[in-house]
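Listed below, chain by chain, are the residues.
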Protein chains: 2
Amino acid sequence: MNMTTLKPISTLISTLALLTIGAPQGSAGDPLASWNDGPAKQAIVEFVRATTDKAGPKYVPPEKRITTFDNDGTLWVEQPMYTQVMFAMDRVAALAPEHPEWKTQDPFKAILTRDREAIAKFSLADLAKILAVTHSGMTVEAFEGIVKDWFATARHPRFERPYTELTYQPMLELLKHLRANDFKTYIVTGGGQDFVRTIAESIYGVPPEQVMGTLTKVKYGYDKSGNPTLVKLPEALFINDKTGKPEGINLLIGRRPYAAFGNSTGDQQMLEWTQAGDGARLMMLVHHDDAEREYAYGADSKIGTFSDALMTEAKTRGWIVISMKRDWKRIFAFQE
Amino acid sequence: MNMTTLKPISTLISTLALLTIGAPQGSAGDPLASWNDGPAKQAIVEFVRATTDKAGPKYVPPEKRITTFDNDGTLWVEQPMYTQVMFAMDRVAALAPEHPEWKTQDPFKAILTRDREAIAKFSLADLAKILAVTHSGMTVEAFEGIVKDWFATARHPRFERPYTELTYQPMLELLKHLRANDFKTYIVTGGGQDFVRTIAESIYGVPPEQVMGTLTKVKYGYDKSGNPTLVKLPEALFINDKTGKPEGINLLIGRRPYAAFGNSTGDQQMLEWTQAGDGARLMMLVHHDDAEREYAYGADSKIGTFSDALMTEAKTRGWIVISMKRDWKRIFAFQE
């Protein structure tokens, strides 16, 4: 797309949106400028209004304003493969010279020979083996460095941009808008907590202490110089997915969210748990229905499955399904 | 003590302290009024000055200002027995009518017959049995209610006051002073996370999301009406003590503290981990040496053991040992 041509149009659209829904007092522009007018945007605006209106019946005091966001497919791209798995496969390739045995050992062999068919068929046990060799045996600081280095150079196969640019602009605006209204924004991801923490602050403005993810064990000890270390072990402590999400929220936060955002069957229980609280609650699911600007997938996808049962539950319970195609003016900041 | 007589003297002391150490700009009085002048108070004042001085070499940006506090024996009384164990024993008595078999079954029998000698000899396995029957089988909300009800009526055997009043006034001032300087104050306790969360906000101003404790599993499910529930299970997930403390800090916070406060061997690794960071770091241990106003115990105590090895490590590493007798003007608010 030609950005020079599009910019004035996008400015015009923003201006029209402002006139239509009205900007919050004191704001210089529409905080949700990348959202098209419609039930999704309206639900967000109404939720924030109701929970921050001191005189209203649905007022929520600032310290209780907790919101939780799934990460993969909700805040950033998860196709053709979860970013963390992309990282792990690149790490297998980088570590291969130290492991000549991998040349003949699955699942490593499949990665090293770029056998897409075999990779597509990886079992959970295969993934566990890959995660074990790439996500353990180093200190937490060393792992952070490895992940940051990877993000600095890795590029997404389709968009040919750093993964850190493949965040959804409307969701970034939503995070910011909620924080501007004294909501705490938490990430509650099936991905690894350590992995997501490395970039959550710089790309989402979410500090490490507000990231709950799948937990692997760490072991406190001392290095050769006697300095204390926390070393990552190849053992899971807690799986933060499906029923694990409300359990993980209880662990990290100890309060029930007032709003929860997801995109797949892994988020169903988090949304149920959120809705079961009293007062105003907002439950939203991002639906990937825009093959042109991003991807279109749902019930048949292994990654980010949006099952028919989830769609039925969303309709029954009044959860808002966000259509990327219809509700989002743009998907990525670079598409402006 | 006669409070009317003492009040003018305490005011005079506060005034003298103000003249001696100088109040922070804009403060109406000494924020650490219950601390006697000396190396402990001086270390706190200097730490806060150095880390908040924008022009100084030890400046710490607000988002990184993390501090961690042990709870039992550091923020409140842990003698003659941990408050949570007191709670559990009272719960055994309350639940006994539903469990006639406990009359002849140890460790329950010992509690029901108030057999102090047997209670004093309880093993970890005994404690685990007691915790299992008193801390699981209910929803997290039901447990919160049970704990709050208990705190409303239970009294400490020596001080004959609610346990929530047995917090150390100098430490409350320290928590407040740190928060006034944009430090986040976390509790990192060997006690149960759910238990401590019920009262941490009201007595310490520490919200649930800033309490890390020993974790037991919870299970997401649905009640008879189909409403989602989180039910507490009788299984430990993570023991937040000794090496578990830096591991638990990594789990809940994901950042290294700049200051850490403890009182026993269970806190040693947390202080080591804190000190191993660069820049200004503050490590302090409360030493219980005041039998008159509170308790005097150390290496020989089963509860809150302050071993000779810990004292040696404190001296070697330059950790500040707080003498309750020498450093604290008063211990409890009611002793004013």
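Heads up: the structure comes first, above all this text.
What comes next is a walk through the structure. All residue numbers refer to positions counted from 1 along the written sequence of the respective chain. Just so you know, chain letters begin at A and ligand numbers begin at 1, following the order they were written in. Predicted model: local features are reported for residues with pLDDT of at least 70 only, side-chain atom pairs are reported and counted for 80 or more only, and whole-chain, interface and lining totals are derived from all residues. With hydrogens and water excluded, all non-hydrogen atoms of the structure serve as input to the side-chain values.

### Some details on the interface of chain B and chain A
Phase 1 of the analysis: Residue-level contacts link 37 residues of chain B with 37 residues of chain A.
Phase 2 of the analysis: The term buried area denotes the loss of accessible surface (1.4 Å probe radius) that occurs when two parts are joined, taken as the sum for both partners. Here chain B and chain A share an interface that buries about 3100 Å² over both sides, 53% of which is from carbon and sulfur atoms.
Phase 3 of the analysis: The term salt bridge refers to a pairing of a side-chain nitrogen on Lys or Arg with a carboxyl oxygen on Asp or Glu at a separation within 4 Å. For the pair chain B and chain A, the number of links is 8 salt bridges.
Phase 4 of the analysis: Among the salt bridges present, the one from E201 of chain B reaches R255 of chain A, with a minimum N-O distance of 3.6 Å.
Phase 5 of the analysis: A run of H or I in DSSP counts as a helix once it spans at least four residues, and a run of E counts as a strand once it spans at least two, with each numbered from the N terminus. Looking at the side of chain B that touches chain A, the elements with two or more residues in it are α7 (140-153), β2 (184-192), α9 (193-204), β3 (211-222), β4 (228-238), α10 (244-252) and α11 (268-275) of chain B. The contact criterion used is simple: two residues touch if any of their non-hydrogen atoms lie within 4.5 Å.

### Quick notes on the sheet that holds β4 of chain B
Residues and elements named next belong to chain B.
Phase 1 of the analysis: Spatial strand order, β4-β3-β2-β1-β5-β6-β7: 7 strands in an open sheet with mixed pairing. The outermost strands of the open sheet, each flanked by one partner alone, are β4 and β7 (320-323). The average undirected angle you get between the axes of adjacent strands in this sheet is 35°.
Phase 2 of the analysis: Strand pairing follows a simple DSSP-based rule, namely that at least 2 bridges must link the two strands. Here strand β1 (residues 66-69) pairs with strand β5 (residues 259-262) via 3 bridges, running parallel. By the bridge assignment for β5, T68 is matched with A260.
Phase 3 of the analysis: For helices, the axis comes from a line fit to the C-alpha atoms of the stretch in contact; other axes are also lines fit to C-alpha atoms, and the angle between any two N-to-C directions lies between 0 and 180 degrees. Along the sheet face, helix α2 (residues 39-52) touches β5, β6 (282-287) and β7 and points at about 155° away from the line of β6.

### A few points about the pattern of salt bridges
Two side chains bearing opposite charge may form a pair once their charged atoms approach each other closely.
Phase 1 of the analysis: By the definition in use, this model includes 36 salt bridges over all chains.
Phase 2 of the analysis: As a salt-bridge pair, K232 of chain A and D194 of chain A come within 2.5 Å of each other at their nearest N and O atoms. One end of the pair, K232 of chain A, is in strand β4 (residues 228-238); the other, D194 of chain A, is in helix α9 (residues 193-204), and 38 residues separate them in sequence.
Phase 3 of the analysis: Look at K232 of chain A and you get buried, because its relative accessible area is 3%.
Phase 4 of the analysis: The salt bridge involving D290 of chain B is made with R293 of chain B; its shortest N-O contact spans 2.7 Å. Per-residue accessibility, obtained with a 1.4 Å probe over protein chains only, is compared with the maximum for each type, and a residue is labelled buried under 20%, exposed over 50%, and partly exposed between these values.

### Digging into the nonpolar core
Phase 1 of the analysis: Here the nonpolar core consists of buried residues drawn from Ala, Val, Leu, Ile, Met, Phe, Trp, Tyr and Cys, with membership extended through side-chain atoms lying within 4.5 Å. Core analysis: the largest hydrophobic core is formed by 67 residues, its most contacted members being W35, F47, M171, L174, Y204, F261 and W328 of chain B.
Phase 2 of the analysis: When contributions to this core are tallied by element, the ones reaching two or more residues are α2, α3 (83-95), α4 (108-112), α7, α8 (169-180), α9, β5 and β6 of chain B.
Phase 3 of the analysis: The element best represented in this core is α3 of chain B, accounting for 7 residues.
Phase 4 of the analysis: Leaving out residues up to four positions away in the same chain, W328 of chain B has contacts with S34, W35, N36, Y168, P170, M171, V286, R293, I322 and S323 of chain B.
Phase 5 of the analysis: Counting 65 residues, the second largest nonpolar core, distinct from the first, contains F69, F183, Y258 and A280 of chain A.

### Observations concerning the environment of A33 of chain B
All names here are of chain B.
Phase 1 of the analysis: Note that A33 resides in the loop between α1 (3-21) and α2.
Phase 2 of the analysis: According to the relative accessible area criterion, A33 is partly exposed, its value standing at 23%.
Phase 3 of the analysis: With 140 residues separating them along the chain, A33 and E173 place their C-alpha atoms 7.7 Å apart.

### Regarding the relation of the copies chain B and chain A
Phase 1 of the analysis: Here the copies are superposed with least squares, the fitted atoms being C-alpha atoms of residues at a pLDDT of at least 70 in both. Rotating chain B by 180° and translating it 0.0 Å along the rotation axis places it on chain A, where the RMSD comes to 0.0 Å. In short, the pair behaves as if placed about a two-fold rotation axis. The C-alpha atom lying nearest the rotation axis in chain B is that of L252 of chain B; the distance is 3.1 Å.
Phase 2 of the analysis: Both copies present the same face, since 100% of the interface residues in chain B are matched by interface residues at the equivalent positions in chain A.

### Describing helix α12 (residues 308-317) of chain B
All names here are of chain B.
Phase 1 of the analysis: Along α12, the residues classified as buried are L310, E313 and A314. Down the axis, α12 shows its buried residues gathered within 100° of arc, on one side only. Exposed and oriented more than 90 degrees from the buried face of α12 are D308, A309, K315 and T316.
Phase 2 of the analysis: Buried positions along α12 lie against α11, β6 and β7.
Phase 3 of the analysis: One or two positions beyond α12, positive phi appears at G318, with a value near 80°. Think of the arc as the fan of directions from the helix axis to the C-beta atoms.

### A few points about unusual backbone geometry
Phase 1 of the analysis: Cis rather than trans, the peptide bond between Q79 of chain A and P80 of chain A has omega equal to 0°.
Phase 2 of the analysis: Mapped onto the secondary structure, P80 of chain A falls in the loop between β1 (66-69) and α3 (83-95).
Phase 3 of the analysis: Here the phi dihedral of D182 of chain A falls at roughly 65°; this positive angle occurs in a residue that is not glycine.
Phase 4 of the analysis: When its relative accessible area of 48% is taken as the criterion, D182 of chain A is described as partly exposed.
Phase 5 of the analysis: In this structure, E160 of chain B takes a positive phi of about 50° despite not being glycine.
Phase 6 of the analysis: One can find E160 of chain B in the loop between α7 and α8.
Phase 7 of the analysis: Classification of E160 of chain B by relative accessible area gives exposed; the value is 61%.

### Regarding the sheet that holds β4 of chain A
Phase 1 of the analysis: Ordered in space as β4-β3-β2-β1-β5-β6-β7 (chain A), the 7 strands form an open sheet in which the pairing is mixed. Two strands in the sheet have a free side with no partner beyond their single neighbour: β4 and β7 (320-323) of chain A. Direction aside, neighbouring strands of the sheet carry axes that sit 35° apart on average.
Phase 2 of the analysis: This element, helix α2 (residues 39-52) of chain A, spans β5 (259-262), β6 (282-287) and β7 of chain A of the sheet and lies at about 155° to β6 of chain A.
Phase 3 of the analysis: The strands touched by α10 of chain B are β3 (211-222) and β4 of chain A; relative to β3 of chain A, the strand with the most contacts, the crossing angle is about 155°.

### Structural notes on the environment of L310 of chain A
All names here are of chain A.
Phase 1 of the analysis: Position of L310 relative to the elements: it lies in helix α12 (residues 308-317).
Phase 2 of the analysis: In this structure, the C-alpha to C-alpha distance between L310 and R116, residues 194 residues apart in sequence, is 29 Å.
Phase 3 of the analysis: Once residues lying within four places of it in the same chain are set aside, the contact partners of L310 are S264, T265, Q268, L285 and W319.

### As for the side chain of R65 of chain B
All names here are of chain B.
Phase 1 of the analysis: Relative to the helices and strands, R65 is located in the loop between α2 and β1.
Phase 2 of the analysis: The sign given to each residue is positive for Lys and Arg and negative for Asp and Glu; His and the chain ends receive no count. No salt bridge is formed by the buried R65; its nearest oppositely charged neighbour, D182, is found at 4.1 Å.
Phase 3 of the analysis: At 2.9 Å, the side chain of R65 and the backbone oxygen of N181 are in polar contact.
Phase 4 of the analysis: With sequence-adjacent residues up to four places away left out, R65 is seen in contact with T51, T52, Y59, V60, N181, D182, F183 and K184. We call two N or O atoms a polar contact when they sit within 3.5 Å, provided that within protein one can donate a hydrogen and the other can accept it, with sequence-adjacent residues counted only if both atoms are side-chain atoms.

### Structural notes on the packing of aromatic side chains
Residue and element names in this part refer to chain A.
Phase 1 of the analysis: Only rings of Phe, Tyr and Trp enter the pairing, Trp through its six-membered ring, and a pair is recorded when the two centres are within 6.5 Å. The plane angle decides the type: under 30 degrees is stacked, over 60 is edge-to-face, the rest tilted. Applying the stated rule across the entire model yields 38 aromatic pairs over all chains.
Phase 2 of the analysis: Relative to F108, the ring of W102 has its centre 4.5 Å away and its plane inclined at 15°; by these criteria the two rings are stacked.
Phase 3 of the analysis: In textbook terms, an aromatic cluster arises when at least three aromatic residues are bridged by ring pairs, as seen for W76, F87, F143, W150, F151, Y163, F195 and Y204.
Phase 4 of the analysis: Think of it as a cone above the ring: NZ of Lys or CZ of Arg counts as a charge over the ring if it is within 6 Å of the ring centre and within 35 degrees of the ring normal. Positioned above the aromatic ring of Y295, the side-chain terminus of R158 is 5.0 Å from the ring centre.

### A few points about the packing of α3 of chain B against α7 of chain B
All names here are of chain B.
Phase 1 of the analysis: Running from amino to carboxyl end, α3 crosses α7 at an angle of 100°, the nearest separation of the two axes being 11 Å. Taken together, the axis directions place α3 and α7 in an arrangement best described as roughly perpendicular. The residues of α7 that touch α3, namely those facing T83, M86, F87, D90 and R91, are F143, I146, V147, W150 and F151.
Phase 2 of the analysis: Polarity classes work like this: nonpolar for Ala, Val, Leu, Ile, Met, Phe, Trp, Tyr, Cys and Pro, charged for Asp, Glu, Lys and Arg, and polar for all others, with Gly in that last group. The residue inventory of the contact of α3 with α7, partitioned by class, reads 7 nonpolar, 1 polar and 2 charged. An angle below 35 degrees is treated as roughly parallel, one above 145 as roughly antiparallel, one from 65 to 115 as roughly perpendicular, and anything else as oblique.

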